[in-house]
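If you want the building blocks of each chain, they are given just below.
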Amino acid sequence: MNLAIFPEAIRAPTARLLMERALEPHLLIGMPHLTPDGLSETWLMKELGHRHWLMLARDLGMDDADFRTPDGAEAYAAFCATALSNADFAAVKANDVLTIRSTLHPVGRTQTLTRHHLSCGERPIGTVELLSLFVTRSRAGDNRSIMRTALSNRRSAAGVESTLAKTAAALRAGTLRSHFGLASDSAPLASHRFQPDRLQEFNGAGLFYCAEFQAIASRALACWRPAENRTIRDRDVFFFGNIDAGETIEAELAAETPNSPTQLCRLKRSDGKTIGMVFSNYRAGRILR
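Predicted, not measured: the structure shown is a model, and the values here were computed from it. (Residues numbered from 1 in each chain as written. Predicted model: local features only at pLDDT ≥ 70, side-chain atom pairs only at ≥ 80, totals over all residues. Heavy atoms only, no water.)

**A short note on the overall build of the protein**
So, point 1. When helices and strands are tallied, the protein shows 4 helices and 17 strands.
So, point 2. Over its C-alpha atoms the protein spans a radius of gyration of 20 Å, differing by no more than 12% from the 19 Å that the globule rule assigns to 289 residues.
So, point 3. Here the C-alpha coordinates of the protein stretch approximately 70 × 50 × 40 Å along the principal axes.
So, point 4. Counting all 289 residues of the protein, 47% fall into the buried class.
So, point 5. Intrachain contacts of the protein at a sequence separation of at least 6 include 70% that bridge at least 24 residues.
So, point 6. Computing the positive centroid from 35 side-chain charges and the negative centroid from 31, the protein places the two 3 Å apart. (Helix = DSSP H or I, 4+ residues; strand = E, 2+ residues; numbered from the N terminus. Rg over C-alpha atoms; globule rule 2.2 N^0.38 Å. Buried < 20%, exposed > 50% of the residue type's maximum accessible area, 1.4 Å probe, protein only. Contact = heavy atoms within 4.5 Å. Lys, Arg positive; Asp, Glu negative; His and termini not counted. Charge placed at Lys NZ, Arg CZ, Asp CG, Glu CD.)

Structure representation (structure tokens):
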């Protein structure tokens, strides 16, 4: 008869230890991380968003990322803007090692920027910046009631200058007339309606996931330009609101350059409010066979 002996001393690692492991810079690439054209942008933005939260928690001296307002309500690090630059995702394939070198920088007294330098082997494949501030809901379960909040343990150190933060603020105020060479207030050229799924496009906080903004822009492009297959080079996304499960999103092709390598996609919820602006600069496309 064989006996299995399990040492009683074996325990699950702490959340803090797992948080450190999740921030390890090297990752072996497999099928979940890829598309037929290389590294998945949607997977990457989810992964970097996760790392952003963990870096915030670590910077605040927390054992996990359970953020709370001074009165104990749940708080979330909501993204104001993201910026992807010089992407070369087609260079990544299965069994490559992706390296993510990340730094955290306070911006002003309410926002935080993380910067992530990506490489595969010795080859740089892009840089991503994520800008966030803390929010909470004023009405439980209502994503339209999201508002800024303070944390009970928020540090008050003065922050660094951020071009991304300045651009986001100017777009929100309506004072920035163009970005990526495209007019920000132009009339739509085309539109497409999407019905996000609660079990696919919403995150554990019940919010429409930040990574899905660029994903919807990409899907809309496939509807507007079905014969073109484009590889992203640069993409700036600006967030102005959220939706509740069951709502639709209208994606508008708001502007594009000749031959459409650079495009602006506006995302609107059912009440007409713009909840996102996605500026995309694509590498040369090719006709699908």
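**A closer look at the packing of helix H1 (residues 15–22) against helix H2 (residues 41–59)**
When two helices pack together, their arrangement is given by the angle between the helix axes and by the axis-to-axis distance.
So, point 1. As a packed pair, H1 and H2 sit with axes 10 Å apart at the nearest point and diverge in direction by 130 degrees. The angle between the axes of H1 and H2 places the two elements in the oblique class. Crossing handedness for the pair H1 and H2: left-handed. Across the interface between the two elements, Arg16, Met19, Glu20 and Ala22 of H1 pack against Glu47, His50, Arg51, Leu54, Ala57 and Arg58 of H2. (Axes fitted to C-alpha atoms, helices over the stretch in contact; angles between N-to-C directions. Parallel < 35°, antiparallel > 145°, perpendicular 65-115°, else oblique. Left-handed = near helix turned anticlockwise from the far one by under 90°.)

**Thoughts on the pairing of strand S7 (residues 123–137)**
So, point 1. With 12 of its 15 residues buried, S7 lies for the most part within the structure.
So, point 2. Here strand S4 (residues 76–85) runs beside S7; their pairing, made up of 9 bridges, is antiparallel. From the neighbouring strand, Ala78 faces S7, where its bridge partner is Leu133.
So, point 3. Where strand S6 (residues 111–120) folds back on S7, the antiparallel hairpin that results is connected by 2 residues, among which Gly121 adopts a positive phi of roughly 65 degrees.
So, point 4. Judged from the 3 bridges that link them, S7 and strand S8 (residues 146–148) form a sheet pairing that is antiparallel. When the bridges of S8 are listed, Arg137 appears paired with Ile146. (Pairing = 2+ DSSP bridges.)

**Re helix H3 (residues 163–173)**
So, point 1. All buried positions along H3 are accounted for by Leu164, Ala165, Thr167, Ala168, Ala170 and Leu171.
So, point 2. At the N-terminal boundary of H3, the capping side chain belongs to Ser162, with an oxygen 3.4 Å from the backbone nitrogen of Leu164.
So, point 3. Downstream of H3 by one or two residues, Gly174 has phi in the positive range, about 80 degrees. (Polar contact = N/O pair within 3.5 Å; in protein donor to acceptor, adjacent residues only side chain to side chain.)

**With respect to the packing of H2 against helix H4 (residues 211–224)**
So, point 1. Two elements in contact, H2 and H4, have axes whose closest approach is 9 Å; the angle formed by their N-to-C orientations is 165 degrees. One element, H2, and the other, H4, form an angle in the roughly antiparallel class. Classified by chirality, the crossing of H4 by H2 is right-handed. Along its contact with H2, which presents Glu41, Thr42, Met45 and Lys46, the element H4 presents Ala211, Glu212, Gln214 and Ala215.
So, point 2. Of the residues in the contact of H2 with H4, the class split is 3 nonpolar, 2 polar and 3 charged. (Nonpolar A, V, L, I, M, F, W, Y, C, P; charged D, E, K, R; others polar.)

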